[in-house]
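# An overview of the molecular structure
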Amino acid sequence: EPEVTQTPSHQVTQMGQEVILRCVPISNHLYFYWYRQILGQKVEFLVSFYNNEISEKSEIFDDQFSVERPDGSNFTLKIRSTKLEDSAMYFCASTNLQGGNSPLHFGNGTRLTVT
Amino acid sequence: AQSVTQLGSHVSVSEGALVLLRCNYSSSVPPYLFWYVQYPNQGLQLLLKYTSAATLVKGINGFEAEFKKSETSFHLTKPSAHMSDAAEYFCAVSGAFGNEKLTFGTGTRLTIIP
């Protein structure tokens, strides 16, 4: 069964550094998402992306964050200047249908640790 | 605005016993409801979803959930727990067509006692 793949599985970076988290969504999917889960807390929506533009973003997704689909397969999340509070598990997800009844397929996540 | 509340951050049941994980939702539009499971160091896997076709929804691994509009609930059950069911379970809600963003609950960690 096709999977959403995320790399790296674990990223350690120093505060103030830029990080790029990478995702390869399922190939025929058109809608892409990033969620994050701070340790011990719930999974939070960051951003959704369709047709090469952001369709919705949360208040967490400030100017330090950006997303890009640089080619036909990758979907990236960039954090320009990381803060300690950015430490979390970041999940990429994709789906092929618009609408609330289309389940999201999640990757295994990238654990970001900011020191 | 939509939200889900999961009652009980930790639930322990004996192997072979009934599993009941509680989820209540709040939504201003007809909701779509989901249960996801997260095994250690893995991503979120869809267990089942409610999309208004039937109030009793059957999912993978023997789990099912019943949508009760009058109680705004979508509790997850399994008749007989297995050791492999130990994981974190998340209830999630999204809106009607055109609003596919998921809002998750805080999760319930299920422990199975041998």
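Residues numbered from 1 in each chain as written. Chains lettered and ligands numbered in written order. Predicted model: local features only at pLDDT ≥ 70, side-chain atom pairs only at ≥ 80, totals over all residues. Heavy atoms only, no water.

### Focus: the overall build of chain B
In terms of helices and strands, chain B carries zero helices and eleven strands. Order of helices (α) and strands (β) in chain B, N terminus to C terminus: β-β-β-β-β-β-β-β-β-β-β. On C-alpha atoms alone, chain B measures out to a radius of gyration of 13 Å, which is about the 13 Å that the 2.2 N^0.38 rule sets for 114 residues. Taking the principal axes of the C-alpha coordinates as reference, chain B spans close to 45 × 30 × 20 Å. Considering chain B as a whole, with its 114 residues, one finds that 45% of them fall into the buried category. (Helix = DSSP H or I, 4+ residues; strand = E, 2+ residues; numbered from the N terminus. Rg over C-alpha atoms; globule rule 2.2 N^0.38 Å. Buried < 20%, exposed > 50% of the residue type's maximum accessible area, 1.4 Å probe, protein only.)

### A look at the overall build of chain A
When helices and strands are counted, chain A shows zero helices and eleven strands. When the helices and strands of chain A are read in sequence order from the N terminus, they spell out β-β-β-β-β-β-β-β-β-β-β. What you see for chain A is a C-alpha radius of gyration of 13 Å, in line with the 13 Å of a compact globule of 115 residues. Dimensions of chain A, computed from C-alpha atoms along their principal axes, come out at roughly 40 × 30 × 30 Å. Evaluated residue by residue, chain A yields a buried proportion of 48% over its 115 residues. When contacts within chain A are restricted to residue pairs at least 6 apart in sequence, long-range pairs at least 24 apart make up 53% of them. Per element, the accessible surface of chain A, about 5800 Å² overall, is 44% carbon and sulfur. If the 9 positive side-chain charges of chain A are averaged to one point and the 13 negative ones to another, these points end up 3 Å apart. (Contact = heavy atoms within 4.5 Å. Areas by Shrake-Rupley, 256 points an atom, 1.4 Å probe, with all protein chains shown as cover. Lys, Arg positive; Asp, Glu negative; His and termini not counted. Charge placed at Lys NZ, Arg CZ, Asp CG, Glu CD.)

### Brief notes about the state of the cysteines
All names here are of chain A. Tallied over the entire structure, the rule returns two disulfides over all chains. Sulfur-sulfur distance for the disulfide between Cys23 and Cys92 comes to 1.9 Å. Measuring the twist about the S-S bond at about -65 degrees, one finds the Cys23-Cys92 disulfide to be left-handed. Taken together, the positions of Cys23 in strand β3 (residues 19-24) and Cys92 in strand β9 (residues 88-95) put the pair 69 residues apart, joining distant regions of the chain. Residue Cys23 shares its accessibility class with Cys92, and that shared class is buried. (Disulfide = S-S within 2.5 Å.)

### Some remarks on unusual backbone geometry
Residue and element names in this part refer to chain A. Of the consecutive residues Thr7 and Pro8, the connecting peptide bond is found in the cis state with omega at -10 degrees. You can see Pro8 is positioned in the loop between β1 (5-7) and β2 (10-13). Positive phi outside glycine occurs at Asn51, with the angle close to 55 degrees. Mapped onto the fold, Asn51 is located in the loop between β5 (43-50) and β6 (53-57). Unlike most non-glycine residues, Asn52 shows phi in positive territory, near 65 degrees. Turning to its location among the elements, Asn52 is positioned in the loop between β5 and β6. With a relative accessible area of 58%, Asn52 lands in the exposed category.

### Some remarks on the sheet that holds strand β7 (residues 65-68) of chain A
Residue and element names in this part refer to chain A. With antiparallel pairing, the four strands of this open sheet are ordered in space as β1-β3-β8-β7. Edge positions in the open sheet fall to β1 and β7, since each of these has one partner strand only. This sheet shows a mean twist of 20 degrees between the axes of neighbouring strands, independent of strand direction. Where β7 lies against strand β8 (residues 75-79), four bridges are found, and the strand directions are antiparallel. The residue bridging Val67 from the neighbouring strand is Leu77, located in β8. (Pairing = 2+ DSSP bridges. Axes fitted to C-alpha atoms, helices over the stretch in contact; angles between N-to-C directions.)

### What to know about the nonpolar core
Membership of the largest hydrophobic core comes to 27 residues, with the highest contact counts inside it found for Trp35, Leu48, Phe74, Leu76 and Tyr89 of chain B. Residues in contact with Phe74 of chain B, not counting those within four places in the same chain, are Cys23, Leu33, Phe34, Trp35, Leu48, Lys49, Tyr50, Val57, Ala65, Glu66 and Phe67 of chain B. By size, the runner-up hydrophobic cluster in this structure holds 23 residues, among which are Cys23, Ile38, Cys92 and Val114 of chain A. (Core = buried A, V, L, I, M, F, W, Y, C linked by side-chain atoms within 4.5 Å.)

### Some details on the pattern of salt bridges
Summed over all chains, the structure comprises four salt bridges over all chains. Here Glu44 of chain A makes a salt bridge to Arg36 of chain A, at a shortest N to O gap of 3.3 Å. Linking Glu88 of chain B and Arg109 of chain B is a salt bridge whose minimum nitrogen-to-oxygen distance equals 2.8 Å. Taken together, the positions of Glu88 of chain B in strand β9 (residues 87-94) and Arg109 of chain B in strand β11 (residues 108-113) put the pair 21 residues apart, joining distant regions of the chain. Given the relative accessible area of 12%, Glu88 of chain B is considered buried. (Salt bridge = Lys/Arg side-chain N within 4 Å of Asp/Glu carboxyl O.)

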